[in-house]
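# Summary of structural features
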Amino acid sequence: MAEPLRVCVTGAAGQIAYSLLYQLAKGDVFGHDQPIILILLDIPVMMGALDGVLMELQDCALPLLKETIATADPKVAFKDVDLAIMVGAMPRREGMLRKDLLKANVKIFEVQGKALDEVAKKDVKVLVVGNPANTNCFVMSKYAKSIPKENFSCLTRLDQNRAQAQIAARLQVKNTDVRNIIIWGNHSSTQFPDATHARMLDGSSVTERVSDDDWLHGEFITTVQKRGAAVIAARKFSSAVSAAKAICDHVRDLWNGTKEGEWTSMGVISDGNSYGIPNDLMYSFPVRIKNRKWEIVEGLSISDFARSKMDATANELVEERDVASEFLSSQ
């Protein structure tokens, strides 16, 4: 059997992690012949709740879960990890200014980024989920300077899954019949869900099958953009099961590669892209993955409508990056 992978999950006592950890531990992501060691990081006040999570994981009697470690110390959590899934972040509180939210998260991801830089493997893969995910990912990469920027990504797979499901429901087909939906930009209400290049399983064009540009340029986009808020309004909590599923999808593709002829969306460093997006952003692009390395899908045609949407979400990310950068320490 293979050597165990060391996988750290932050915010490990929270709702998303509660749905995520079992899927990671039972082989849904890395395969049913890959043992793992789970390291669970949370803040000191959550250690009691985390003990309960440890007990539940032990009680699952999972054959692939070789060890589970709970800690409030980032240096313990990130020691020699192969993968860090950064679920924990400061949530936006009522009346909180975006600048204050960014400042609070810079502090969190400074501490964690420095610890990752010091003790993690240099080929560690880092997935940032906690919002604002793109900018938190940018901040963490700045503090983990010895780890390649290409090793950092942020989650927009949840948005992609939402978009895919909307198309499938519209066409009354299986979700798996819809391929190559793109999420451009920020994991926020400015994101651009784009079906222009999407295909059905039989190779036909999604836009031709839908045959309704008004819906594709209107309700489809706004539904995906506002889906997270709609979930909160309905259940009084943010998305958890769907977020955990999207994390698993993201990591599975990162580890095993994308299928021939398909791509996936993830927030990655924008340096050198061919779509006119400013450098030094964690921006969601369509990517292909092979041997745990991603590359942006090049050569896709961009309409004037798409250009305006891509630029709008890029502008928001530039603003977030510039505000966050005010709080970056030089140490």
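Scroll up to find the structure.
Attention here is on the structure that accompanies the text. (Residues numbered from 1 in each chain as written. Predicted model: local features only at pLDDT ≥ 70, side-chain atom pairs only at ≥ 80, totals over all residues. Heavy atoms only, no water.)

Glancing now at the nonpolar core. Ranked by size, the top nonpolar core spans 69 residues in total, and within it Phe78, Leu116, Phe152, Ile167, Phe220, Tyr283 and Phe285 carry the most contacts. Among the elements that line this core, the one with the most residues is helix H5 (residues 133–143), at six residues. In contact with Phe78, other than residues within four places in its own chain, are Cys8, Thr10, Leu41, Ala84, Met86, Gln112, Ala115, Leu116, Val119, Ala120 and Met140. Of all hydrophobic cores here, the second largest spans 36 residues; its members include Ile16, Ala25, Leu57 and Trp255. (Core = buried A, V, L, I, M, F, W, Y, C linked by side-chain atoms within 4.5 Å. Buried < 20%, exposed > 50% of the residue type's maximum accessible area, 1.4 Å probe, protein only. Helix = DSSP H or I, 4+ residues; strand = E, 2+ residues; numbered from the N terminus. Contact = heavy atoms within 4.5 Å.)

This part is about the packing of aromatic side chains. If you walk through the whole model with that rule in mind, you get six aromatic pairs. Considering the side-chain rings of Trp184 and Phe285, the 6.3 Å spacing of their centres and the 80 degrees angle between planes classify their relative orientation as edge-to-face. Taken together, the positions of Trp184 in strand E8 (residues 182–184) and Phe285 in strand E12 (residues 282–290) put the pair 101 residues apart, joining distant regions of the chain. Here Trp184 and Phe285 have matching classes, each one buried. Judged by centre distance (4.8 Å) and plane angle (45 degrees), the ring pair of Tyr283 and Phe285 falls under tilted. Of the two residues, Tyr283 and Phe285, both sit in the buried class. (Phe/Tyr/Trp six-rings, centres within 6.5 Å; stacked < 30°, edge-to-face > 60°.)

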